[in-house]
Amino acid sequence: MDGALEALKREFAGLRTGRASASLLEPVMVEAYGSAMPLSSVGTISVPEPRMITVQVWDRSLVGATEKAIREAGLGLNPASDGQLVRVPIPALNEERRQELTRVAGKYAETARVAVRNVRRDGMDRLKKLEKDGELSQDEHKRLADQIQELTDEHIKLVDEQLAHKESEIMQV
């Protein structure tokens, strides 16, 4: 269940909210030294302002390739270089795009809820099998089933809280 929450956090980190986040550039691959390398292997990614990401490229010869990789990553970003520093301004989102992002966040949250429920189902099935095999009493089965349900409810609540937080972040102008 904790794994489902971690996966949800990673998916939410990739959703662009109009606010700069270093994780936004994590999937970008730069053509460097004859192979594709993650952007974090080519330079230091930092967020000096709420609407600006900078990449301090370590090798001056890779500045152009870094700019090109960011531009072609399909993130709607337009980088500009200043020596070895690549500045990536984050444009503001329009209302329609914000609504679309909240729907995507809702889908991610529902996927996480389903994953949590699947873990609960697996746990309940295991309890039934143990009881059937005589390794577990009915009282013990009931107590453990209640604990599993409690954990499930807690994790679903955490998913809902994360979704509400992400939606408010996306809708913030």
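Structure shown above.
Because the structure is a prediction, the values reported are computed rather than measured.

Cut-offs and rules
Residues numbered from 1 in each chain as written. Predicted model: local features only at pLDDT ≥ 70, side-chain atom pairs only at ≥ 80, totals over all residues. Heavy atoms only, no water. Helix = DSSP H or I, 4+ residues; strand = E, 2+ residues; numbered from the N terminus. Rg over C-alpha atoms; globule rule 2.2 N^0.38 Å. Buried < 20%, exposed > 50% of the residue type's maximum accessible area, 1.4 Å probe, protein only. Contact = heavy atoms within 4.5 Å. Pairing = 2+ DSSP bridges. Axes fitted to C-alpha atoms, helices over the stretch in contact; angles between N-to-C directions. Parallel < 35°, antiparallel > 145°, perpendicular 65-115°, else oblique. Nonpolar A, V, L, I, M, F, W, Y, C, P; charged D, E, K, R; others polar.

*Asks:* Any details on the overall build of the chain? Residues and values, ideally.
*Replies:* Scanning the chain from N- to C-terminus turns up 4 helices and 6 strands. Across the chain, helices and strands are ordered from the amino to the carboxyl terminus as α-β-β-β-β-α-β-β-α-α. In terms of C-alpha radius of gyration, the chain reaches 22 Å, well past the compact-globule figure of 16 Å for 173 residues. Scored against the burial criterion, the 173 residues of the chain give a buried share of 35%. Once local pairs closer than 6 in sequence are excluded, the contacts in the chain between residues at least 24 apart make up 63%.

*Asks:* Go over the sheet that holds strand 6 (residues 85–89), please, and point to the residues and values.
*Replies:* Two orientations exist for strands paired in a sheet by backbone hydrogen bonds: parallel and antiparallel. If you trace the 4 strands from one edge of the open sheet to the other, you get 3-4-6-5, paired in antiparallel fashion. Here the strands that pair on one side only, and so sit at the sheet edges, are strand 3 (43–49) and strand 5 (80–82). With direction set aside, neighbouring strand axes in the sheet form an average angle of 25 degrees. Where helix 2 (residues 63–71) meets the sheet, it contacts strand 4 (52–57), strand 5 and strand 6, and its direction lies at approximately 15 degrees from that of strand 6.

*Asks:* With reference to specific residues and values, describe the packing of helix 1 (residues 2–14) against helix 3 (residues 95–132).
*Replies:* Angle between the axes and distance between the axes: these two values describe a pair of packed helices. As a packed pair, helix 1 and helix 3 sit with axes 9 Å apart at the nearest point and diverge in direction by 170 degrees. The orientation of helix 1 relative to helix 3 falls into the category roughly antiparallel. Here A4, L8, E11 and F12 of helix 1 come into contact with helix 3, specifically with A105, Y108, A109, A112, A115 and V116. Of the residues assigned to the contact of helix 1 with helix 3, the class counts are 9 nonpolar, no polar and 1 charged.

*Asks:* I'd love a proper account of the pairing of strand 3, names of residues and values included.
*Replies:* Both strand 3 and strand 4 contribute to a ladder of 5 bridges, which runs antiparallel. Counterpart to T44 in the pairing with strand 4 is Q56.

*Asks:* Kindly report on the side chain of T66, identifying the contributing residues and their values.
*Replies:* Here T66 is to be found in helix 2. Residues in contact with T66, not counting those within four places in the same chain, are V30, L39, V42, V55, V57 and V86.

*Asks:* Explain the packing of helix 3 against helix 4 (residues 138–171) to me, using residue names and the numbers behind them.
*Replies:* One can describe the packing of helix 3 onto helix 4 by two numbers: an axis separation of 10 Å at closest approach and a directional angle of 170 degrees. Here helix 4 runs roughly antiparallel to helix 3, going by the angle between their axes. Residues that form the contact of helix 3 with helix 4 fall into these classes: 15 nonpolar, 9 polar and 10 charged.

*Asks:* Let's hear about the pairing of strand 4: which residues, and what values?
*Replies:* Of all the 6 residues making up strand 4, 5 are buried; the element is thus mostly covered by neighbouring parts of the structure. Between the end of strand 3 and the start of strand 4, which pair antiparallel, lie 2 residues. Strand direction decides the pairing type here: strand 4 and strand 6, joined by 5 bridges, are antiparallel. Of the residues in strand 6, the one forming a bridge with I53 is V88.

Shape descriptors only; they carry no functional weight alone.
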